[in-house]
Amino acid sequence: MITLFALGACTDRTDAPYVKDVPESTTKTSVLTITARDRNGAGNFTSARAEAPRYFNNTISIPPIHKAGDIELSYREPDPEKVFVIADQKPLSGAAGFTRELRSALTQKTKVNREVVIYVHGYNSSYTDGVFRAAQLQNDLSVPGVMVNYSWPSAANPLGYSHDRDSVLFARDGFQDALELIRDSTDAPILLVAHSMGAFLVMEGLRQIEIANPGWSEKALSGIVLVAPDISLDVFRQQASRFDSLPQPFAIFTSQKDPALKLSARVNAVDARLGNLADPLELADLPVTLIDVTQFSARGVDRHFVPGTSPALIALLRRSLEIETAFRSDASGRSGLIPGAAISVRKATQLVLSPGLVRAN
């Protein structure tokens, strides 16, 4: 493990693969980005923490050979026929420029698809990692709304765990500002999707908002999805206690085969993290939906991001008719996961509600 970490630390992932002229055979998708990262002399975003946010509209080119769950990547002479590349990175003139771009993107959607999906990356992620993952999720899961990537200053280095934890704390105010800017820019619903340590940032940012403006999250958000959250259970409970009411749906993807969270538990001298919770009854009193995807954590899958990297699970999540038993419709007609439930995702039987784990309301 130490050898693998050392080899990973040798890779500089700040030098983003840009290719301006991409063939028509590629798929282009736009990812609006707010970042708290600073730039180096070459113009690439680094792990340095910026004094003020920057705003961009990235055009990501996805290769025609793309397979669901993969982010095909090369930092040396990237070929857009084979790998993801950034085809364009349009700087936006501050918060006002971002607002105009967001509103313009929403007007191009049908009314039912006017939703803002904010993706927050996790530990050991570069700027490029974040925008590529956001583009991949939008493409593979057929996300209908406008995708926004929030890029906090991770070290993009497997040895940078402490740096990343500090960067999350540094980014809290900026993330709060970003959420409030998006909410003030449009009345479109906002769905938050956060991975790993990004979930810690999401919960900390929302906690700050709730302290200052109780009830904001429930009014502004259409849902929260935490994928493999790297948060201790007691910290998560303390964060959740600040909410007047947790937004719904509130889904947490967990896996018992997540090596990154096992290592995080050791580093933090605890038994487990929220993302590899063994006993869902520990959260039975909270209106959250636990989704166990352990059975999809096979070889060839990034076991720290199973919902976005397992082709089988991606196909399952897209087949909404086959998972309708795990969904409900509220008065507005919007679907949501059942609060207070634990769901085991199985290859043979799809989504199965575990008996006795639905919280009494």
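Rules used throughout
- Residues numbered from 1 in each chain as written.
- Predicted model: local features only at pLDDT ≥ 70, side-chain atom pairs only at ≥ 80, totals over all residues.
- Heavy atoms only, no water.
- Phe/Tyr/Trp six-rings, centres within 6.5 Å; stacked < 30°, edge-to-face > 60°.
- Buried < 20%, exposed > 50% of the residue type's maximum accessible area, 1.4 Å probe, protein only.
- Helix = DSSP H or I, 4+ residues; strand = E, 2+ residues; numbered from the N terminus.
- Patch = residues over 30% accessible without salt bridge, like charges linked within 9 Å, V, L, I, M, F, W, Y side chains within 5 Å.
- Areas by Shrake-Rupley, 256 points an atom, 1.4 Å probe, with all protein chains shown as cover.
- Salt bridge = Lys/Arg side-chain N within 4 Å of Asp/Glu carboxyl O.
- Lys, Arg positive; Asp, Glu negative; His and termini not counted.
- Charge placed at Lys NZ, Arg CZ, Asp CG, Glu CD.
- Axes fitted to C-alpha atoms, helices over the stretch in contact; angles between N-to-C directions.
- Parallel < 35°, antiparallel > 145°, perpendicular 65-115°, else oblique.
- Left-handed = near helix turned anticlockwise from the far one by under 90°.
- Contact = heavy atoms within 4.5 Å.
- Nonpolar A, V, L, I, M, F, W, Y, C, P; charged D, E, K, R; others polar.
- Expected span 1.5 Å × (residues − 1).

Chemist: Sorry, what's going on with the packing of aromatic side chains here?
Modeler: How two aromatic rings sit relative to each other is given by the distance of their centres and the angle of their planes. Per the stated rule, a full pass over the model turns up eight aromatic pairs. Between the aromatic rings of phenylalanine 45 and phenylalanine 56, the centroid separation amounts to 5.3 Å while the plane-to-plane angle is 80°, which identifies the pairing as edge-to-face. Both residues of the pair, phenylalanine 45 and phenylalanine 56, belong to the buried class. Between tyrosine 150 and phenylalanine 175, the ring centres sit 5.2 Å apart and the planes meet at 70°, which makes this aromatic pair edge-to-face. Of this pair, tyrosine 150 sits in strand 5 (residues 146-151) while phenylalanine 175 sits in helix 4 (residues 161-185), and the two are 25 residues apart along the sequence.

Chemist: Teacher, can you tell me more about a positive patch on the surface here?
Modeler: A surface patch of like charges, here positive, comprises Lys257, Lys262, Arg266, Arg299 and Arg303. Structurally, arginine 266 is set in helix 8 (residues 259-267). With a relative accessible area of 73%, arginine 266 lands in the exposed category.

Chemist: Mind showing me how you'd approach the pattern of salt bridges here?
Modeler: When the charged atoms of two side chains with opposite charge come close together, those side chains can pair. Throughout the structure, instances matching the rule amount to five salt bridges. Between aspartate 230 and arginine 273 there is a salt bridge, and its shortest N-O distance comes to 2.7 Å. Of this pair, aspartate 230 sits in the loop between strand 7 (221-227) and helix 7 (233-240) while arginine 273 sits in the loop between helix 8 and strand 9 (289-292); the two residues are 43 residues apart in sequence, bridging distant segments of the chain. One exposure class covers both aspartate 230 and arginine 273, and it is buried. For arginine 237, the salt bridge goes to aspartate 285, with nearest N and O atoms at 2.6 Å. Placement of the pair is arginine 237 in helix 7 and aspartate 285 in the loop between helix 8 and strand 9, with a sequence separation of 48 residues. Judged by its relative accessible area of 32%, arginine 237 falls in the partly exposed class.

Chemist: Help me out: how do you make sense of the packing of helix 2 (residues 94-107) against helix 4 in this one?
Modeler: Angle between the axes and distance between the axes are the two parameters that describe a pair of packed helices. The contact between helix 2 and helix 4 brings their axes to 10 Å, and the two run at 50°. Taken together, helix 2 and helix 4 sit at an angle that is classed as oblique. The hand of the helix 2/helix 4 crossing is right-handed. Two secondary-structure elements touch here, helix 2 through Ala95, Phe98, Thr99, Leu102 and Arg103 and helix 4 through Leu181, Ile182, Asp184 and Ser185. Taken together, the residues of the contact of helix 2 with helix 4 sort by class into five nonpolar, two polar and two charged.

Chemist: Explain helix 5 (residues 197-212) to me, please; I cannot follow it from the model alone.
Modeler: The periodicity of an α-helix, 3.6 residues per turn, causes residues three or four positions apart to be oriented the same way. For helix 5, with 16 residues, the first-to-last C-alpha span of 23 Å sits near the 22 Å given by 1.5 Å per residue. The buried fraction of helix 5 amounts to 14 of the 16 residues, a majority that puts the element mostly inside the structure.

So, to be careful, I would describe these as geometric facts and stop short of saying anything about function.
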